[in-house]
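Notes for the structure review
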Amino acid sequence: MTLQNGMTDAHKAYLWADTGYWDMNTGELIGHDTKLFHGKDWPWAGALTTWGASARDLIADISFGNVTDLDNLLTTSGKALRTFVANGGGGRVAIASYDGKPRLHMIACHDLFPGSGYGPFEPVEVGHFVCSGNESPAYQHARANGFTPEGMRAVIDAQCVTPWVPQGDLAALGPRVWMAGNVVRVEVGADGVTSAVERAV
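For the structure given in this document, a descriptive report is provided here. (Residues numbered from 1 in each chain as written. Predicted model: local features only at pLDDT ≥ 70, side-chain atom pairs only at ≥ 80, totals over all residues. Heavy atoms only, no water.)

Quick look at the pairing of strand β2 (residues 13-17)
- In terms of residue burial, β2 counts as a mostly covered element, since 5 of its 5 residues are buried.
- Neither face of β2 is open: one carries Ala-13, Leu-15 and Ala-17, the other Tyr-14 and Trp-16, and all of them are buried.
- Note: strand β1 (residues 4-8) against β2, 5 bridges, orientation antiparallel. For Asn-5, the partnering residue across the bridge sits in β2 and is Trp-16.
- Where β1 hands over to β2, the hairpin turn is made up of 4 residues, counted between the paired strands. (Buried < 20%, exposed > 50% of the residue type's maximum accessible area, 1.4 Å probe, protein only. Helix = DSSP H or I, 4+ residues; strand = E, 2+ residues; numbered from the N terminus. Pairing = 2+ DSSP bridges.)

Here we look at the environment of Arg-92
- Along the chain, Arg-92 turns up in strand β7 (residues 90-98).
- Remark: the alpha-carbon pair of Arg-92 and Ala-108, spanning 16 residues in sequence, is separated by 4.2 Å.

Notes on the pattern of salt bridges
- The final tally for this structure, using the stated rule, is 10 salt bridges.
- For Arg-153, the salt bridge is made with Asp-157, and the minimal N-O distance between the two is 3.1 Å. One end of the pair is Arg-153 and the other is Asp-157, both in helix α4 (residues 149-159) and 4 residues apart, which spans about a single turn.
- Assessed through its relative accessible area of 30%, Arg-153 is described here as partly exposed.
- A network of salt bridges, in which partner residues are shared, links Lys-12, Arg-153, Asp-157, Arg-185, Glu-187, Glu-198 and Arg-199. (Salt bridge = Lys/Arg side-chain N within 4 Å of Asp/Glu carboxyl O.)

Below you can see the structure in the form of structure tokens.
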């Protein structure tokens with residue numbers, strides 16, 4: 001359960017994730033790997049934050065499922081997350097896509113937006129999502145003025161130095177900065193999917 005942010009603007013959908021993986025018992029950094037993946041046939045990408053099982057299994061179940069269009073991608077992602085939870089894991093999937101316009105959906109194994117009418121494993125479309133640091137001045141400024149990639153960068157800068165309590169098994173270890181390695185940015189637009197390192201943590 002680490003960095004997972006996303007947003008849309010008039011032209012693109014964006015995702016951000018770090019590369020750090022943590023020992024669920026001690027909270028120690030154990031290595032680096034991807035948490036982002038994308039399709040080839042039309043513009044979409046996903047970002048994971050997980051606990052309790054291998055994230056690679058969840059990536060494979062989504063990527064090799066029926067992802068021919070957005071509706072099927074969201075259904076496949078929800079089913080894959082259910083299987084992941086049944087096998088001892090937990091987490092969230094963020095899906096950025098372009099199907100005539102930029103879109104961002106969140107799917108979680110828990111009630112991500114209490115009172116919204118959407119429950120666990122249901123895709124919820126949002127304009128932005130920030131996994132921690134919603135009380136930071138950077139987040140408040142971005143929310144008040146409209147999220148931009150530059151505004152999200154300021155939010156991420158604050159997240160990378162602000163301790164927070166994650167969900168899942170790592171919550172028992174208390175607040176700390178749960179980000180490591182590189183923060184990678186993925187952009188999804190009409191011309192496809194690109195990625196770049198946003199910053200080092």
